Amino acid sequence: MCEIADLMWPWLGRQGKFKGRSAFLRSRSVAIIPQPKTMDLLGGEDLVLTTGAAVRVSTPSLADLAALHGVLGKAGLKVDTRADLPQFLLVREGSDNAEKYTLSVSSADKVVRIGASSSHGLFNGLMTLRQLLRRGAAGTWRLPQVQISDEPVHEWRGLMLDVSRHFFNASDVKHLLDTMALYKLNRFHWHLSDDQGWRMPVAKYPRLTQVGAFREDGHGSDARYGGFYNEDEVKDIVAYAKSLHIEVVPELDSPGHIQAAVAAYPDLGNAPAVVATQFGALEHTMKPSDQSMNFMADVISSTAHLVDSDYFHVGGDEVVTGQWSTSQAAQTFLAEHHKKRLEDIASVMTKSAVAAVNKLGRRAVVWDDAMSRDLPKDTVVMLWRSWLGVGRLAEEAASRGHAVVMCPQDRTYLDQFQSKGGASDAFGAIGGFLDLLKVYEMDFDGHGAAVLGGQGQLWTEYIEDRRNLDYKAWPRGIALAEATWSAARRPGFDDFQRRLALHLEELRTSQVNFREADGKQALPRSQVLEEKSPQATPRPPSNAVRTQEQPVHESWLRSIVEGPMLRQTAVHVRNRELKQKATKATVRKVRAALRPTHRRVVLRGFHRSKG
C-alpha cells in the first residue's frame, strides 16, 4: 500500500487535494460527510488534544459558544484563559451565503479557526470539526492539519417525520434532530395531522386532541393508540431545532387525509367518522364550506403561533372525491365558486389554506397533487409522484412558476425495504426497495423549475418506535445529506461508503440504531434506547399509548383488499395471534387479490412469501 501511495500522491497533490505524502496517507482516516467543496490536507503533525485538558475559545455570541462547547464536550475539553493553551476561534467574516464556512487547523500555532458570515455558517463548520476529531492513543484526540472552504449547493436539505400514523414523543424527535444536525440537514418537515391522528394542540378546538389524537384498536379490544404534544413541548422542540439551525416546517393536511379532525368535529365532514385504523388514501374529506375553510385558517394560525418558520405545509395530496359526488353541499359549493368539476373543490379549499399561510407572512408548501389548482406562484411544490415522471412534474411546476423540492417516492421514501423483498431487513416495511445507492444518486434536474433541494420521507405506517425509526432513517438519510449538500460535486458512491464506515462507531455511541450493511441493527436488541416517557398530557389509563401487538382477524385481512390503499404498496402484519386466527387459505386468497395491484402481505411469525 505504501508503494502505491508513493506513486499516487504526487499526482493527487497536483489536483490541490493533498499537500505531501503524509497528508495523502492520512486522508484515508479523514471522513467528512457531506464532502466539503474544497479541502486541503496539509500533512505534518496533527494537533493533539488530551481528554480533560483546557483550551482557549473566542466566539461572536453566547449561542456560538454553546455550540462550540457541544463539540469540545466530545473530547472532554475544558475552557480556560491561559495564553499558552490551544485556541479555538469562531470568527464572523463576509460571505453572500449564510451557510458558507471556512475551517483551518494549525498544529504549529495550536489554532483551530472557523469563519462564517452567520451563526448558521459557524455551526456548519463546527459539525465538520466534530467529524474531524478522532480518538488517538492513551486518552488523546487528534485533529489533522486542514484548510476547508465549504458551502451547500441546495438550501433545502430535509427529513419529513409522520407522527400521525405512529406517534413519536419529544425525546424521539430531538434524537432524530441530533443526527440531522451532524450531517447539516436543515429542514424538519413535521407531518402533524392525518386520518390516523391529530397531534397539534389548538386551544379553540380542544376535541382535536381529546378525540382526534386517539384511535380505537378496531378489533374488539378496549385498547386505544395515540398521543399528542402540548404547547410547551411544541415550543421546546422548535427551540431545540433552532439551536441546531434546523427549521421546523409544520404540515396540517387538507382537504383529504382529514379523518381524525372530522372524527373530532363531525360538522367538518361529509359523513360521521372515527379516527382511522386503516392506512392509505381514505374516503373522508372535508365538507366543502366556509366553515371548513375557516377551520383550516384557525388551525394554521394557531400552529404558526407555536412554530416559528418561513414555510408552512398545507398538504393537498390524495384527495378522494367520492363523498363529494353525492353531497348537496358540494354542488352548492361549486355553484358559489363558479366551478363545475369535483376536483375544483379541492382547488378552492387548498387555495384558501395557502392564502391563510400567506396572510401570516409565511410561504406555503404543497404536495405535487395540488399543483394543478392554480396556486400563487410563490407556493413551493414537493415533487413526490415519481411514477408520473419527475421530469414531467418539474416541467409543469416550471410552467406555473413554482419552486420545487425533490421528494420522489422511488428515491426518498425511507419507509421502503432496504433489501429486495426485505430479505435482510430487521423490520417490516411498506414494500418497495430503496437502498443506499438509490438515495445517494438522486437527481436534481428541475427542468426549468428552481430546485430548492431535496427531502427524505419517513412515513410511519410501519415504523412503530425509535429503534425502527433510526433503522429506516440512517444511513440513507446521510446519503441524502451529501446528495443535497453537494449535488453534482458528489465524489461518488464508493468514496461515500469509505467515509461512512468511519462514522458508524460514533453513531453507535450516540445510540443511533442505524442499519448495518448486512441488514442487522447497529445496537443490540437488548439495549434500551430511551426511557419510556409519559404522554404529553396526563389522561386516564385507557388513553395510554398501546404498545402490545394489535390483534389481527381474517376479516381485517380481507378488508385490505377492498379498502382504499392508494399510498400503500404493502401490508405488513406482525402478530402472534395470527397463527391462531388466520388460515393459510385466507392468506393465499388475500395475496392473490393483492397481486394485480402490486401489493404484498408479509406475515411475520407465520411465514414469508415473495409473492
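Residues numbered from 1 in each chain as written. Predicted model: local features only at pLDDT ≥ 70, side-chain atom pairs only at ≥ 80, totals over all residues. Heavy atoms only, no water.

Observations regarding the pattern of salt bridges
When the charged atoms of two side chains lie near each other, side chains of opposite charge can form a pair. Applying the stated criterion across every chain yields a total of 31 salt bridges. The shortest N-O distance in the salt bridge between Asp46 and Arg134 comes to 2.8 Å. With a gap of 88 residues between them, Asp46 in the loop between strand E1 (38-41) and strand E2 (47-50) and Arg134 in strand E8 (residues 134-135) connect regions that are remote in the sequence. With relative accessibility at 8%, the residue Asp46 sits in the buried group. (Salt bridge = Lys/Arg side-chain N within 4 Å of Asp/Glu carboxyl O. Helix = DSSP H or I, 4+ residues; strand = E, 2+ residues; numbered from the N terminus. Buried < 20%, exposed > 50% of the residue type's maximum accessible area, 1.4 Å probe, protein only.)

Quick word on the packing of aromatic side chains
Applying the stated rule across the entire model yields 17 aromatic pairs. For the pair Tyr205 and Phe295, a centre-to-centre distance of 4.9 Å together with 75° between the ring planes defines the contact as edge-to-face. With a gap of 90 residues between them, Tyr205 in the loop between strand E14 (197-198) and helix H6 (207-210) and Phe295 in helix H9 (residues 290-306) connect regions that are remote in the sequence. Looking at Phe295, the relative accessible area reads 1%, which means it is buried. A network of ring pairs unites the aromatic residues Trp367, Trp384, Trp387, Tyr413 and Trp459 as a single cluster. Sitting over the ring of Tyr240, Lys174 keeps its end group 5.2 Å from the ring centre. A cation sits over an aromatic face here: Lys184 above Trp485, 5.6 Å from the ring centre. (Phe/Tyr/Trp six-rings, centres within 6.5 Å; stacked < 30°, edge-to-face > 60°. Lys NZ or Arg CZ within 6 Å of the ring centre and 35° of its normal.)

Observations concerning helix H16 (residues 476-486)
In terms of burial, H16 is largely enclosed, as 11 of its 11 residues are buried. Among all positions of H16, only Arg476, Gly477, Ile478, Ala479, Leu480, Ala481, Glu482, Ala483, Thr484, Trp485 and Ser486 are buried. A positive phi of about 50° marks Ala487, the residue just after H16.

Concerning the UniProt feature "active site" (unreviewed entry) in the protein chain
In the numbering adopted here, UniProt assigns the feature "active site" (unreviewed entry) to Glu318. In this structure Glu318 comes out as buried when scored by relative accessible area, which is 12%. (UniProt positions renumbered as here; feature names shortened; annotations may be inferred.)

Side note on empty space enclosed by the protein
In the structure shown here, the tally under the stated rule is one cavity of 30 Å³ or more. Its boundaries defined by the atoms lining it, the largest cavity holds a volume of some 30 Å³. Taken together, Asp415, Gly428, Ala429, Ile430, Trp459, Glu461, Tyr462, Ile463 and Lys472 make up the full set of residues lining the largest cavity. Looking at the lining of the largest cavity residue by residue, the classes come out as five nonpolar, one polar and three charged. (1 Å grid on protein atoms, 1.4 Å probe; cavity = no way out; pocket = protein on both sides within 12 Å on 5 of 7 lines; lining within 4 Å. Points joined across faces, edges and corners; volume = space filled by probe spheres on them. Nonpolar A, V, L, I, M, F, W, Y, C, P; charged D, E, K, R; others polar.)

Comments concerning the sheet that holds E2
Sheet architecture is open: three strands sit in the order E2-E9-E8, paired in antiparallel fashion. Taken across any chain shown, the strands that pair with only one partner, and hence form the sheet edges, are E2 and E8. For E8 and strand E9 (residues 140-143), the ladder comprises two bridges, and the chain directions are antiparallel. Bridge assignment links Arg134 to a residue of E9, and that residue is Arg142. (Pairing = 2+ DSSP bridges.)

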